[in-house]
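Single-letter residue listing:
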Amino acid sequence: MTAILPIEMAAHDSDSLKELASIARLITYARQSAKSLEAEFPVWCLDLALGAVLQEMYANGLQMPLFEEGVDKANMAFAH
């Protein structure tokens, strides 16, 4: 019996998830800063960017969150 994913691929996915999580934290910080400045358009753009990064994370094996109440909850998860 052969493995579905080689070990190198699994390690690569783990590294990818860590890198994507770092990007998500960066975007979340920038979004919170823009929100505190009441800069609506940058907040909207950063929401889109965060959604794209989260989509990549799910495509790379991250489990879907238990909530589906919007980006603010996702931001809280990555802010800490």
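Scoring rules and cut-offs
- Along every chain, residues carry numbers that run from 1 in the direction the sequence is written.
- Only residues with pLDDT of at least 70 are given local features in this predicted model, and only at 80 or more are side-chain atom pairs given and counted; all residues enter the totals for whole chains, interfaces and linings.
- Remark: hydrogens and water are excluded; side-chain values derive from all non-hydrogen atoms of the structure.
- Values of pLDDT, ranging from 0 to 100, describe the predictor's confidence in every residue of the model.
- Counting from the N terminus, the helices are the DSSP runs of H or I reaching at least four residues and the strands are the DSSP runs of E reaching at least two.
- The buried label applies to any residue whose accessible area, calculated with a 1.4 Å probe on protein chains only, is under 20% of its type's maximum; exposed applies above 50%, and partly exposed to all values in between.
- Nonpolar core, defined: a set of buried Ala, Val, Leu, Ile, Met, Phe, Trp, Tyr and Cys residues in which side-chain atoms within 4.5 Å join the residues together.
- By the convention used here, residues are in contact when the closest approach between their heavy atoms is within 4.5 Å.
- Each patch is built from residues that are more than 30% exposed by relative accessible area and take part in no salt bridge. Like charges join if they lie within 9 Å; nonpolar side chains (Val, Leu, Ile, Met, Phe, Trp, Tyr) join within 5 Å.
- The method behind every accessible area is Shrake-Rupley, applied with a 1.4 Å probe, and residues are considered shielded solely by the protein chains displayed.
- For salt bridges, the criterion is a side-chain nitrogen of Lys or Arg within 4 Å of an Asp or Glu carboxyl oxygen.

### Some details on the confidence of the model for the protein chain
Line of reasoning, step 1. Across the protein chain, the average pLDDT comes to 77, with 64% of residues at 70 or higher.
Line of reasoning, step 2. Between the elements of the protein chain, mean pLDDT differs from a low of 52, seen in helix α3 (residues 71-79), to a high of 95, seen in helix α2 (residues 40-59).

### With respect to unusual backbone geometry
Line of reasoning, step 1. For E38, which is not a glycine, the phi torsion comes out positive at approximately 55°.
Line of reasoning, step 2. Here E38 lies in the loop between α1 (7-36) and α2.
Line of reasoning, step 3. Under the relative-accessibility criterion, E38 is labelled exposed at 69%.

### Topic: the nonpolar core
Line of reasoning, step 1. With eleven residues, the main nonpolar core is built from L20, A21, A24, I27, A34, V43, L46, L50, V53, L54 and M57.
Line of reasoning, step 2. Those elements that provide at least two residues to this core are α1 and α2.
Line of reasoning, step 3. Counting residues per element, this core draws most heavily on α2, which supplies six residues.
Line of reasoning, step 4. Sequence-distant contacts of L20, defined by excluding residues within four places in its chain, comprise V53, E56, M57 and N60.

### Comments concerning a nonpolar patch on the surface
Line of reasoning, step 1. Together, F41, W44 and L48 line one region of the surface with nonpolar side chains, adding up to about 370 Å² of accessible area.
Line of reasoning, step 2. Along the chain, L48 turns up in helix α2.

### Focus on the environment of L50
Line of reasoning, step 1. Looking at where L50 falls in the secondary structure, it is placed in helix α2.
Line of reasoning, step 2. Along the chain, L50 and I23 lie 27 residues apart, while their C-alpha atoms are 8.5 Å from each other.

### Structural notes on the environment of V53
Line of reasoning, step 1. With respect to the helices, strands and loops of the structure, V53 is situated in helix α2.
Line of reasoning, step 2. Exposure remark for V53: the relative accessible area of 11% places this residue in the buried category.
Line of reasoning, step 3. As for V53 and A21, which are separated by 32 residues in sequence, their C-alpha atoms are 8.2 Å apart.
Line of reasoning, step 4. Apart from the residues lying within four places of it in its own chain, the contact partners of V53 are L20, I23, A24 and I27.

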